[in-house]
Amino acid sequence: PAAPPLDPEHAYTLPELIDIAQSSHPQTRIAWDQARHAALAAGIAASTYLPQVSAAVIGGHRHSSGPGSVAGVDVDRGLSANGSVSALTLQWLMFDFGERDAVVEAARQLSLGSNIAFTAVHQQVIHAVSLSFYAHTSAQAHLRSATQALKNAQEVEAAAEDRQRRGIGTV
């Protein structure tokens, strides 16, 4: 996926960075899809308890015409027939000796496992972003501290040089 748009002038907070990482990291998308598919499979497995209804309609039309003879007598005939057959069936499994329960429970367990994996991926992303955020914050603090130390050292050097010029300083 394309990199998320970031504003270089904005100082992002840790929750903002975690949100950006979770929404753009490919592993979180994969884990989300797997968890969603497992939840759908659990719903499909639970639907085996519902009755199955099916409907079928067959229609037809027949027309024939032309001369013919009946008992030696010639007649013109024109026959046509229209019709349809409709069927509606209802099927419901009453006893399966625990098979549906086992299938539904297995699907639920797979869904739970997918949810745990999804949470683990999110925790890994949060951990990685947090480590990077705090390492960056620490580096910024070290830079500020080093900058202040340099400024203090330059002020001490300037004061010592000033004392040396006035003749009250020592080497």
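A few points on the structure. (Residues numbered from 1 in each chain as written. Predicted model: local features only at pLDDT ≥ 70, side-chain atom pairs only at ≥ 80, totals over all residues. Heavy atoms only, no water.)

Below, the discussion takes up the overall build of the chain. From N to C terminus, the chain includes three helices and two strands. Helices and strands appear in the chain in the N-to-C order α-α-β-β-α. When the accessible area of the chain is evaluated, it comes to approximately 13600 Å², of which 62% is carbon and sulfur surface. (Helix = DSSP H or I, 4+ residues; strand = E, 2+ residues; numbered from the N terminus. Areas by Shrake-Rupley, 256 points an atom, 1.4 Å probe, with all protein chains shown as cover.)

Below, the discussion takes up a nonpolar patch on the surface. The grouping of Trp-92, Met-94, Phe-95 and Phe-97 at the surface amounts to a nonpolar patch, some 630 Å² of accessible area in total. Position of Phe-97 among the secondary structure elements: in the loop between β2 (73-91) and α3 (99-165). (Patch = residues over 30% accessible without salt bridge, like charges linked within 9 Å, V, L, I, M, F, W, Y side chains within 5 Å. Salt bridge = Lys/Arg side-chain N within 4 Å of Asp/Glu carboxyl O.)

Taken N-terminus to C-terminus, the directions of helix α1 (residues 14-24) and α3 make an angle of 135 degrees; their axes are 9 Å apart at the nearest point. By the angle between their axes, α1 is oblique relative to α3. For the pair α1 and α3, the sense of crossing is right-handed. Contact with α1, carried on its side by Leu-14, Leu-17, Ile-18, Ala-21 and Gln-22, involves His-122, Val-125, Ile-126, Val-129, Ser-130, Phe-133 and Tyr-134 of α3 and no other residues of that element. Within the contact of α1 with α3, the residues separate by chemical class into nine nonpolar, three polar and no charged. (Axes fitted to C-alpha atoms, helices over the stretch in contact; angles between N-to-C directions. Parallel < 35°, antiparallel > 145°, perpendicular 65-115°, else oblique. Left-handed = near helix turned anticlockwise from the far one by under 90°. Contact = heavy atoms within 4.5 Å. Nonpolar A, V, L, I, M, F, W, Y, C, P; charged D, E, K, R; others polar.)

Within the structure shown, the criterion is met by three salt bridges. A salt bridge links Asp-33 to Arg-36; its shortest N-O distance comes to 3.3 Å. Of the two residues, Asp-33 and Arg-36 both sit in helix α2 (residues 26-46), three residues apart, roughly one turn of that helix. On the basis of relative accessible area, Asp-33 is assigned to the partly exposed category, the value being 32%. Judged by its relative accessible area of 38%, Arg-36 is partly exposed. Its salt-bridge partner being Asp-162, residue Arg-165 comes within 3.7 Å of it at the nearest N-O pair. Separated by three residues within a single helix, Arg-165 and Asp-162 lie in helix α3, roughly one turn from each other. For Arg-165, a relative accessible area of 63% translates into the label exposed. The partly exposed category is assigned to Asp-162, whose relative accessible area is 30%. When salt bridges with common partners are traced through the structure, they connect Asp-162, Arg-165 and Arg-166 into a single cluster. (Buried < 20%, exposed > 50% of the residue type's maximum accessible area, 1.4 Å probe, protein only.)

Between the first and last C-alpha of α2 there are 30 Å, a value that for 21 residues agrees with the 30 Å anticipated at 1.5 Å per step. Looking at α2, one finds that the buried residues are Thr-28, Ala-31, Ala-35, Ala-38, Ala-42 and Ala-45. Seen along its axis, α2 keeps its buried residues to an arc of 115 degrees; they face one direction. Summarising the contacts, the buried residues of α2 are in contact with α1 and α3. (Expected span 1.5 Å × (residues − 1). Arc of directions from axis to C-beta.)

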